[in-house]
Amino acid sequence: ATVVSTVAGAGLWLYTGADVSTVGKVDFRNELLIPPLEEGEVQPDGTRVFRLGIRAGETEFRPGQPTPTWGFTSPATAAADRWPGTYLGPTLRAERGEKVRVEVANRLDEPSTVHWHGMHLPAAMDGGPHQMVDAGGAWEPHWPVDQPAATLWYHPHPHGGTERHVQRGLAGMFLVDDAPARQLGLPDEYGVNDLPVVVQDVRFNGARFDHGHRFLRNTGFLGDETMVNGTLAPYREVRDELVRLRLLNASTARVYDFGLADDRAFDLVATDGGLLGAPHRTDRLPLSPGERAEILVRMAPGERTVLRSSPPGGGDFWQSRFSGGDDSFDVLELRAADTLRPAPDVPARLADVELPDPADASRERHFDLRMSGINGAPMAMDRIDATVERGATEVWTVRNRDGVTHNFHVHDVQFRVLAVDGEPPPPELRGRKDTVYVPSGREVKIALRFDGPPDPDVPYMYHCHLLSHEDGGMMGQFVVVEPGGAAGRVPGGSGGH
Ligand code: C2O
Ligand code: CU
Ligand code: CU
């Protein structure tokens, strides 16, 4: 990307440098940290209970250089040897069909929230800007896990403050399992052949994060190096022929285009909301902020390869220049042991994918994305932008109407991409999605099914997941009501300013 900086207060943008590339320059010297797996405790009534703290602290990403950060804690993070507990959070895991409850304790000295990104759950449990947890306060959301196996995640969502809270370190994965997925025999030993890969771009000024850098066309913060699971220059030893990487783009603005350094093919097996019907063999995978993907990489004994991000769209001007995304990164080195446990072939069929049927659609809506707001208005806490009926399927057309890179995320549902610029979606967009990349000029049509439960008084959000855009007002609210019902009255409130 062309490096730019603002003249303080003047709102002026200047170009001051050249593209960022860490390709070939990373000395992979730090063993990849793995977020502790937190399975909670199952109560006599079968409810799986997690305890999650939010705290401030310091993290030494580089030895001797303590960086002020925030992190999620839990019994598993407290018991782990190598996990700092002051950056990111544990990987929560639950099974489809279980009831879960999370005891959230906010030990920050400011309010925050915990949003369960990708989870189908009641609006009052969603952790959006209407479920603020006061400084020193507690919150106990609970819900039945009722969706297919998937890699979901959690992060704060205070209105106007999401970017800052995520940048300080508040993010973690939430894995949902189910029996059909387990029977596939995919690599599933957490931290061994099933690796969480939380990718973030960062920039340091001495020991501190430098979040001041804002890039061309108002994309938001873009860093000059990447971390995985809070580890700079990470490598991971692999003892299996086949390794599953659960990729999460937890960056606040950057779009990645992942591949392997030697351009070997890998199998994409899952997107945001779970498994694809069949594996998709590819060598490139774009991932915009908030999106997840599970890929299977086959390794030969003794070899090394690097997860790399090239400019999105291969340097295509309209996709990459406007996103500040002409940058390339060497993200994670995989080092295969000299002998590897053999792995079976990837199954040809993975799942019966639960997707909405556009033939059932009862309503169409249009969403025009601009930095100034969606459909012309910035987010307002006390305004409901869409009222949908429980059980309804709708078709939404999302258009990028300014020159800025955006994406589009909808809470509560996993949607189906019907078309991209009028064409059938590429294979990586044919599974369950909750976030979709919508670069400049693009139009994406999606089908969504709203299964409730209804709550006319508590909205869910839809928004751009480039977090400075979301904070700046690129967000709207919808409620799910009983058929024929009307939206209630939603309180205003300043959120997390
Ligand atoms: Cu990951 Cu509304 O967010
Ligand atoms: Cu979300
Ligand atoms: Cu945006």
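It should be emphasised that the depicted structure is a prediction, and the values quoted were computed from it without experimental measurement. (Residues numbered from 1 in each chain as written. Chains lettered and ligands numbered in written order. Predicted model: local features only at pLDDT ≥ 70, side-chain atom pairs only at ≥ 80, totals over all residues.)

(A) Molecular detail of the overall build of the protein chain. Secondary structure assignment for the protein chain yields five helices and 38 strands. In terms of overall size, the protein chain behaves like a compact globule, its C-alpha atoms giving a radius of gyration of 21 Å where 497 residues would be expected to give roughly 23 Å. Its C-alpha atoms put the protein chain at 65 × 60 × 50 Å along the principal axes. Each of the 497 residues in the protein chain was classed as buried or not, and the buried ones make up 53%. Counting contacts in the protein chain only where the partners sit at least 6 residues apart, residues at least 24 apart contribute 78% of the total. (Helix = DSSP H or I, 4+ residues; strand = E, 2+ residues; numbered from the N terminus. Rg over C-alpha atoms; globule rule 2.2 N^0.38 Å. Buried ≥ 20, exposed ≤ 12 C-beta atoms within 10 Å, placed from the backbone. Contact = placed C-beta atoms within 7 Å.)

(B) Up close: the sheet that holds strand E14 (residues 172-177). Across the sheet, five strands lie side by side as E4-E8-E14-E13-E10; this open sheet has mixed pairing. Looking at strand neighbours, the two that pair on one side only are strand E4 (37-38) and strand E10 (115-117), the edges of this open sheet. Where strand E13 (residues 150-155) lies against E14, five bridges are found, and the strand directions are antiparallel. Bridge pairing links Leu 152 to Phe 174 in E14. (Pairing = 2+ DSSP bridges.)

(C) Fine view of the sheet that holds strand E38 (residues 475-481). Strand order in the open sheet formed by five strands is E31-E38-E37-E33-E35, and the pairing between neighbours is mixed. The open sheet has two edge strands with one neighbour each: strand E31 (386-389) and strand E35 (435-438). Sheet twist, expressed as the average angle between the axes of neighbouring strands with direction ignored, equals 25 degrees. Pairing analysis gives four bridges linking strand E37 (residues 460-463) to E38, with the strands arranged antiparallel. If you follow His 463 over to E38, its bridge partner there is Met 475. (Axes fitted to C-alpha atoms, helices over the stretch in contact; angles between N-to-C directions.)

(D) Summary view of unusual backbone geometry. Cis geometry marks the peptide bond from Gly 452 to Pro 453, where omega comes out at 5 degrees. Of note in the backbone geometry, Leu 88 takes a positive phi value of approximately 55 degrees without being a glycine. Structurally, Leu 88 can be placed in the loop between helix H1 (75-79) and strand E8 (91-95). Phi angles above zero are rare outside glycine, and Asp 421 is one such case at about 50 degrees. Secondary-structure assignment places Asp 421 in the loop between strand E34 (416-420) and E35.

(E) Summary view of the domain arrangement of the protein chain. Annotation of the protein chain at the domain level lists domain 1 (18-26 + 186-341), domain 2 (32-182) and domain 3 (358-481). Computed from C-alpha coordinates alone, the two centres of domain 1 and domain 2 are separated by 22 Å. Every contact between the two is made by 33 residues of domain 1 and, on the other side, 29 residues of domain 2. A per-element tally of the side of domain 1 that touches domain 2 places strand E20 (residues 234-240) first, with three residues. Taken together, the residues of the side of domain 1 that touches domain 2 break down into 16 nonpolar, ten polar and seven charged. (Domains from an automatic or database assignment. Nonpolar A, V, L, I, M, F, W, Y, C, P; charged D, E, K, R; others polar.)

(F) Geometry of the confidence of the model for the protein chain. Averaged over every residue, the pLDDT of the protein chain is 92; residues scoring 70 or more account for 92%. The secondary-structure element of the protein chain with the lowest mean pLDDT is strand E2 (residues 12-15), recorded at 39, while E13 shows the highest, at 99. Confidence metrics for the complex model read pTM 0.95 and ipTM 0.99. (pLDDT = per-residue confidence, 0-100.)

(G) Main features of the environment of Gly 212. Inspection of the secondary structure assignment puts Gly 212 in the loop between strand E17 (208-209) and strand E18 (225-228). Under the C-beta neighbour-count criterion, Gly 212 is labelled exposed, with 11 such atoms within 10 Å. Separated by eleven residues in sequence, Gly 212 and Gly 223 have C-alpha atoms that sit 9.7 Å apart.

(H) Local environment of the nonpolar core. Grouped together as the largest cluster of nonpolar side chains are 120 residues, with contacts concentrated most on Val 197, Val 198, Val 199, Leu 247, Val 269, Ile 295 and Ile 446. Ranked by residue count, the leading element in this core is strand E28 (residues 329-341), at six residues. Ignoring sequence-local partners within four residues, the contact set of Leu 247 consists of Val 197, Val 199, Phe 258, Leu 287, Arg 292, Ala 293 and Ile 295. (Core = buried A, V, L, I, M, F, W, Y, C linked by C-beta atoms within 7 Å.)

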